[in-house]
Every structure is written in C-alpha cells, then in structure tokens.
Amino acid sequence: VTIVLDTTPFYAESGGQVGDTGLIISGANTVSVSDTIKSEGHFLHIGSVEQGSISKGDKVSAQIDKDRRMAIMRNHTTAHLLQYALRSVLGDHVHQAGQLVNEKACRFDFNHFSAMTDEEIAKVEEIVNSEIMAAIPVTMQEMPIDEARKLGAMALFGEKYGDTVRVVTAGDSVEFCGGTHISNT
C-alpha cells in the first residue's frame, strides 16, 4: 500500500539519504512502512498491511523506526565531515558527485585527479575521527540563500534551491542540506 498523510515525521528519500521506515497505526490496524519517497510534493509511505485495514480519513499514529533513523543521522553527519576532510586533504576541487546514506554506511562519491594515496586516506580518516571525538555541536538554520552563500555554505552543483535554504554546520563543514543530522559530531 501507499499512504499519504497530511503531516508526517517520516523523512522521504532525498539527496542520497534513504527514506524512513516505521509503522502507521490506527487502533488495531497496522501498516509496516518499508520506504518513504517524495512524488510531486507528497510524501509517499510505502508499506504492507500487517493487521486490519487503513482507509482514507482514518486518524493514525505515524511512528518512525527511531534506532534506524539515529544510525542514518550519524552516517549523514559523517558524510558532511568526510566531504570537509577530503577537501582539506585533496583540495577545493573535490565536490560530491553522488552519495548513499543509510543505517549501515555512508558512500560518498567524488572526483579527483588520481587515486588517493595511503597517506591521504589516513589523513582524511584522522580528520573525520578527530571531529567525531571532539563532539562538536551540529547546527541547522534556515536563512536566505544569499546569506548562506556569504557564510561559504557548499551547495550541490545542479541542485535547485529556493530563496530560503537550510544550512547545516558541523565544525568547519558548512553545507546546504535538508537531511536529518545528529546534534553533535
């Protein structure tokens, strides 16, 4: 089944971050949500009816899988730290060329002139691990796009942004981002 709610705590797949999973419950009726995606401005909760039935107009409780969400959030914040570290070690030409962030891993695709050396890999790991161990606060702010650019916030090439953007700051990493993040590195 696919369910559209008027409001939802579920994050829909976007920018390389996977969609949330969880439950939608109405009384004794339960739908197990296996994915959440966006389509034409609507969040689509895709799942299977586990018990009973759900009908249009039912009042429901939407519950995300909190443990999975926390793991995704940790990996997503790490993706930001990784991009910062790669740019610090390899140069400002490094930009995200693709990404997958789920509860198990963060895959960060980027272009560079050559394969990374063992020393470069070790330095990137050192920077990311140092940022994690420092438990630096992660902040999220909505602001006019021009103000975000003045802060030096990185945007994904080719992405379309509105007049107001969300900026995520984790230490020296400052990026446009609408995804979910933890409160400190």
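In this convention, every chain numbers its residues from 1, walking through the sequence in written order. It should be noted that, the model being predicted, local features are given only for residues of pLDDT at least 70 and side-chain atom pairs only at 80 or more, the latter also being counted only at that level, while totals for whole chains, interfaces and linings use all residues. Note: side-chain values were computed over all heavy atoms of the structure, leaving out hydrogens and water.

1. Some thoughts on the overall build of the protein chain
Think of it this way: any DSSP run of H or I at least four residues long counts as a helix, any run of E at least two long counts as a strand, and we number them from the N terminus. Along its length, the protein chain carries three helices and ten strands. N-terminal to C-terminal, the α/β element order of the protein chain is β-β-β-β-β-α-β-β-α-β-α-β-β. In terms of its C-alpha atoms, the protein chain occupies a principal-axis envelope of roughly 55 × 35 × 30 Å. Exposure categories follow from relative accessible area, calculated using a 1.4 Å probe and restricted to protein chains: below 20% of the type maximum is buried, above 50% is exposed, and the middle band is partly exposed. Of all 185 residues assigned to the protein chain, the portion counted as buried reaches 38%. With an accessible surface of roughly 10600 Å², the protein chain has 50% of that area assigned to carbon and sulfur atoms. For this count, His and the chain ends are skipped, Lys and Arg are scored as positive, and Asp and Glu as negative. The atoms used to mark charge sites are NZ of Lys, CZ of Arg, CG of Asp and CD of Glu. Side chains of the protein chain give 15 positive and 25 negative charges; the mean places of these two sets differ by 6 Å. Note that accessible areas follow from Shrake-Rupley with a 1.4 Å probe, and for residues the cover is restricted to the protein chains shown.

2. A closer look at the pairing of strand 10 (residues 173-176)
When a strand is regular, its side chains alternate between the sheet's two faces. Here strand 10 shows no split at all, with Ser173 and Glu175 on one side and Val174 and Phe176 on the other all buried. Direction of pairing for strand 9 (residues 164-170) relative to strand 10: antiparallel, over a ladder of four bridges. If you follow Thr169 over to strand 10, its bridge partner there is Val174. Two strands pair under a simple rule: DSSP has to find at least two bridges between them. Adjacent in sequence and paired antiparallel, strand 9 and strand 10 are bridged by two residues, among which Gly171 carries a positive phi angle near 65 degrees.

3. A word on the environment of Ala170
Note that Ala170 resides in strand 9. On the basis of relative accessibility, which here comes to 2%, the residue Ala170 falls in the buried class. Separated by 15 residues in the primary sequence, Ala170 and Thr185 have C-alpha atoms spaced 6.8 Å apart.

4. Let's talk about the environment of Thr8
On the secondary structure map, Thr8 appears in the loop between strand 1 (2-3) and strand 2 (22-26). Spatially, the C-alpha atom of Thr8 lies 9.0 Å from that of Gln63, the residues being 55 residues apart in sequence. With residues near it in sequence (within four places) discarded, Thr8 still touches Phe43 and His45. In this structure the side chain of Thr8 is engaged in a polar contact, spanning 3.0 Å, whose partner is the backbone nitrogen of Phe10. Definition of a polar contact: a pair of N or O atoms within 3.5 Å, with one able to donate and the other able to accept a hydrogen when the atoms are protein atoms, and with sequence-neighbouring residues admitted only if both atoms are side-chain atoms. Side-chain polar atoms of Thr8 contact the side chain of His45, separated by 2.8 Å. Should any heavy atoms of two residues lie within 4.5 Å, those residues are counted as being in contact.

5. Some remarks on the nonpolar core
Here, nonpolar core means buried Ala, Val, Leu, Ile, Met, Phe, Trp, Tyr and Cys residues that are tied together by side-chain atoms lying within 4.5 Å of each other. In terms of nonpolar packing, the biggest core is built from 14 residues, with Leu82, Ala85, Leu86, Val124 and Val128 touching the most fellow members. For this core, the secondary structure elements donating two or more residues are helix 1 (66-90), helix 2 (118-133) and strand 9. No other element matches helix 1, which puts five residues into this core. Counting eight residues, the second largest nonpolar core, distinct from the first, contains Met143, Ile145, Val165 and Val167.

6. Topic: the side chain of His45
Tracing the backbone through its elements, the reader meets His45 in strand 4 (residues 42-51). In this structure the side chain of His45 is engaged in a polar contact, spanning 2.8 Å, whose partner is the backbone oxygen of Ile3. Every residue in contact with His45, bar those within four places of it in the chain, is listed here: Val1, Thr2, Ile3, Val4, Leu5, Thr8, Phe10, Ile24, Val33, Asp35 and Thr36.

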